[in-house]
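What the coordinates show
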Amino acid sequence: MKRKGLKITKVIMNGEEMERTINRMVHEIIERVGPKKNVAIVGIRTRGVHIAERILKKIQELEKVKVASGTIDIALYRDDFFKGLASPEVGPSNLNFNVDGANIVLVDDVLYTGRTVRAAIDAVMDYGRPASIMYAALVDRGHRELPIQPDFVGKAVQTGENEAVAVYLKEVDDDDKVVVGEK
Amino acid sequence: MKHLLGIENLNRDQIMHILETAVSFEEINQRQIKKVPTLKGLSVINFFAEPSTRTRMSFEVAEKRLSADSYNIAVSGSAITKGETLSDTALNLQAMAPDCLIIRHAVSGTPHMLAQIMDCSIINAGDGFHEHPTQALLDAYTIQKKKGKLDGLKVALMGDIAHSRVARSNIHLLTKTGSHVTVAGPATMIPKDIKKLGVEVTYDPKEAVKDADIVMMLRIQEERESGLMYPDRREYAKFFCLDEKLLSYAKPDATVMHPGPANRGVEIDDNIMDGDRSVILEQVANGVAVRMAVLYLLLGGSNS
């Protein structure tokens with residue numbers, strides 16, 4: 001997350017709104033995957049993991065079933081490895097369920113170019129052949145560079161290329177909020 | 001960091017960063033599909049001018065699991081047997097634009113020389129009596145997994161310290177991370193100035209092993225030794241072979257390590273080597289993850 005040096009211009013979601021947004025996403029996910037078996041909620045590191053945990057908890061409370069979960073780290077699947085950037089920190093991936101035949105919901109905080117979720121799809125495929133992969137993003141800020149469309153969106157916002165969108169989560173930051181700022 | 005030539009010129013943070021990165025790669029080795037696309041399109045040459053099973057295989061596995069293209073050169077099949085100098089060989093390899101060269105050579109300092117004349121990253125896979133940095137890193141990774149830390153441990157390092165690059169790299173690493181190293185062996189096998197590296201020296205194996213958390217045995221390297229260092233293998237084994245009795249001086253939960261290949265019954269007894277305190281095969285398994293981490297960090301763009 002590029003938080004350092006970010007000049008916040010607008011708060012587009014506060015804590016209360018975030019909770020409501022995630023609640024709505026949970027209901028949409030249940031509606032879509034409800035009849036399906038082998039559902040798994042997989043967070044993309046790092047902030048997608050915390051959003052995925054919140055979604056998982058709520059689905060289990062509402063549906064009173066145990067749902068599989070996992071985390072995925074995309075550092076090894078990036079397409080900008082040779083762009084002269086510093087090696088991204090790698091963290092462990094953890095998919096402790098049978099990926100073959102699973103219906104996987106990938107969860108991330110911000111959908112931007114689509115390159116992150118492209119990498120995440122590749123990473124999941126290295127574990128097996130899921131029946132389906134869906135994609136949930138808390139914020140869709142546009143400017144796609146790949147033909148990627150989310151299945152569940154918390155909030156879609158118009159942003160400029162030189163703006164940055166940052167999601168703050170209680171688990172790792174001070175509070176829950178989504179902000180737009182200048183890079 | 002562009003090259004990995006030795007542990008001596010690394011600082012503690014760099015060492016810990018490599019070890020932390022290796023954790024993520026260990027998971028890949030447990031997957032059904034043990035491959036990630038990270039180093040796709042990069043060429044890595046494995047140039048082993050000395051025999052090797054473990055290290056060469058381990059590097060090759062690491063390279064392939066990261067999707068790099070790996071090429072192997074053996075001296076017996078190379079133009080070196082026709083009289084080409086090493087630097088000419090290196091410049092010719094350089095002309096084929098590899099991204100990384102893994103070098104093992106009997107002459108200390110060879111990787112450093114190659115790093116000066118080649119453009120690619122150089123990884124030292126063992127140079128003479130000097131260093132074997134990836135072995136020390138995988139040993140440290142194994143220790144950390146077993147003991148949960150790398151500082152404050154008592155480590156006994158026993159055998160032919162004089163001829164051992166494994167010993168030198170491990171001494172550098174373990175003293176940098178704050179462990180206490182005692183070296184032991186016959187007086188002919190202990191270099192005079194080894195204390196300068198911050199270790200304690202004893203010629204009594206019992207004293208070295210006493211209360212040790214880690215007992216690291218080194219191989220008797222007959223191919224390097226002059227034949228005057230000890231009377232014979234039986235005599236050496238009588239004093240320095242790690243058996244139940246000698247190991248009983250260590251802490252009850254002591255971990256036994258050996259970089260391989262081991263001479264069973266000479267420096268280490270069968271029962272100990274195959275026993276439940278031995279992590280010798282775990283060292284080998286961890287070696288792949290650690291070498292993946294090193295390749296990833298060296299070849300991944302411009303890092304600090």
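So, here's what we can say about the structure. Because the structure is a prediction, the values reported are computed rather than measured. Each chain has its residues counted from 1, running along the sequence as written. Each chain takes a letter, starting from A, and each ligand takes a number, starting from 1, following the order in which they are written. Note on the predicted model: pLDDT of at least 70 is required for a residue's local features to be given, and 80 or more for side-chain atom pairs to be given and counted; whole-chain, interface and lining totals, by contrast, use all residues. Note that water and hydrogens are dropped before the side-chain values are worked out from all heavy atoms of the structure.

Comments concerning the environment of B:Ala162
All names here are of chain B. Mapped onto the secondary structure, Ala 162 falls in the loop between strand S5 (154-158) and helix H6 (165-176). With a relative accessible area of 21%, Ala 162 lands in the partly exposed category. The spatial distance from the C-alpha of Ala 162 to the C-alpha of Ile 190 is 5.4 Å, given a sequence separation of 28 residues. Residues in contact with Ala 162, not counting those within four places in the same chain, are Phe 129, Arg 168, Met 189 and Pro 191. Labels follow the DSSP assignment, with helices taken as runs of H or I lasting at least four residues and strands as runs of E lasting at least two, numbered in each case from the N terminus. Summary of the burial criterion: residues with accessible area below 20% of their type's maximum are buried, those above 50% are exposed, and those between are partly exposed, where the area comes from a 1.4 Å probe applied to protein chains only. Whether two residues touch is decided by their heavy atoms; if any such pair falls within 4.5 Å, the residues are in contact.

Describing the side chain of B:Ser58
Turning to its location among the elements, B:Ser58 is positioned in helix H2 (residues 54-65). The contact partners of B:Ser58, leaving out residues within four places of it in the chain, are B:Gly287, B:Val288 and B:Arg291.

Some remarks on the packing of helix H1 (residues 12-28) of chain B against helix H5 (residues 133-147) of chain B
Residue and element names in this part refer to chain B. Close contact between H1 and H5 brings their axes to 10 Å; oriented N to C, the two are set at 70 degrees. Regarding the angle of H1 to H5, the classification is roughly perpendicular. Listed contacts from H5 to Ile 15, Met 16, Ile 18, Leu 19, Ala 22, Val 23 and Glu 26 of H1 are Leu 137, Ala 140, Tyr 141, Gln 144 and Lys 145. Polar here means any residue other than Ala, Val, Leu, Ile, Met, Phe, Trp, Tyr, Cys and Pro, which are nonpolar, and Asp, Glu, Lys and Arg, which are charged; Gly is therefore polar. Looking at the contact of H1 with H5 residue by residue, the class counts come to nine nonpolar, one polar and two charged. Interaxial angles span 0 to 180 degrees and are taken between N-to-C directions of axes, which are lines fitted to C-alpha atoms, for helices over the stretch in contact. Roughly parallel refers to an angle under 35 degrees, roughly antiparallel to one over 145, roughly perpendicular to one between 65 and 115, and oblique to any angle outside these ranges.

Some words on the nonpolar core
As used in this record, nonpolar core signifies buried Ala, Val, Leu, Ile, Met, Phe, Trp, Tyr and Cys residues forming a set joined through side-chain atoms within 4.5 Å. B:Phe25 and B:Leu137 are the most contacted members of the largest nonpolar core, which has 86 residues in total. The greatest single-element share of this core, amounting to eleven residues, is contributed by helix H11 (residues 280-299) of chain B. Boundaries of every domain are those given by an automatic assignment or by a domain database. Both domain 1 (12-131 + 284-299) and domain 2 (133-279) of chain B contribute no fewer than three residues apiece to this core. Ignoring anything within four residues of it in the chain, the contact list for B:Phe25 reads A:Leu76, A:Val90, B:Leu66, B:Ala289, B:Met292, B:Ala293 and B:Tyr296. In terms of nonpolar packing, the next biggest core, distinct from the first, is built from 31 residues, A:Ile12, A:Ile29, A:Ile30 and A:Leu138 among them.

Examining H1(B)
Residues and elements named next belong to chain B. The end-to-end C-alpha separation of H1 is 26 Å, in line with the 24 Å expected for 17 residues at 1.5 Å each. For H1, the full list of buried residues reads Ile 15, Met 16, Ile 18, Leu 19, Thr 21, Ala 22, Ser 24, Phe 25, Glu 26, Glu 27 and Ile 28. The inward-facing, buried residues of H1 abut H5, H6 and H11. Under the rule applied, a polar contact is a pair of N or O atoms within 3.5 Å (in protein, one hydrogen donor and one hydrogen acceptor; residues adjacent in sequence only if both atoms are side-chain atoms). A distance of 3.1 Å separates the backbone nitrogen of Asp 13 from a side-chain oxygen at the start of H1, and that oxygen is part of Asn 11. The length a helix should cover is 1.5 Å for every residue beyond the first.

So, unusual backbone geometry
With an omega of 0 degrees, the peptide bond running from A:Arg45 to A:Thr46 counts as cis. Inspection of the secondary structure puts A:Thr46 in the loop between strand S2 (39-44) and helix H2 (47-63). Backbone torsion omega between B:Gly260 and B:Pro261 reads -10 degrees, so that peptide bond is classified as cis. Among the secondary structure elements, B:Pro261 is positioned in the loop between strand S9 (255-257) and helix H10 (270-273). In this model, A:Asn38 sits at a positive phi of 55 degrees, which is unusual for a non-glycine residue. For A:Asn38, a relative accessible area of 52% translates into the label exposed. For A:Lys64, which is not glycine, the phi dihedral falls at a positive 50 degrees.

As far as function goes, none of this settles anything; it's purely spatial.
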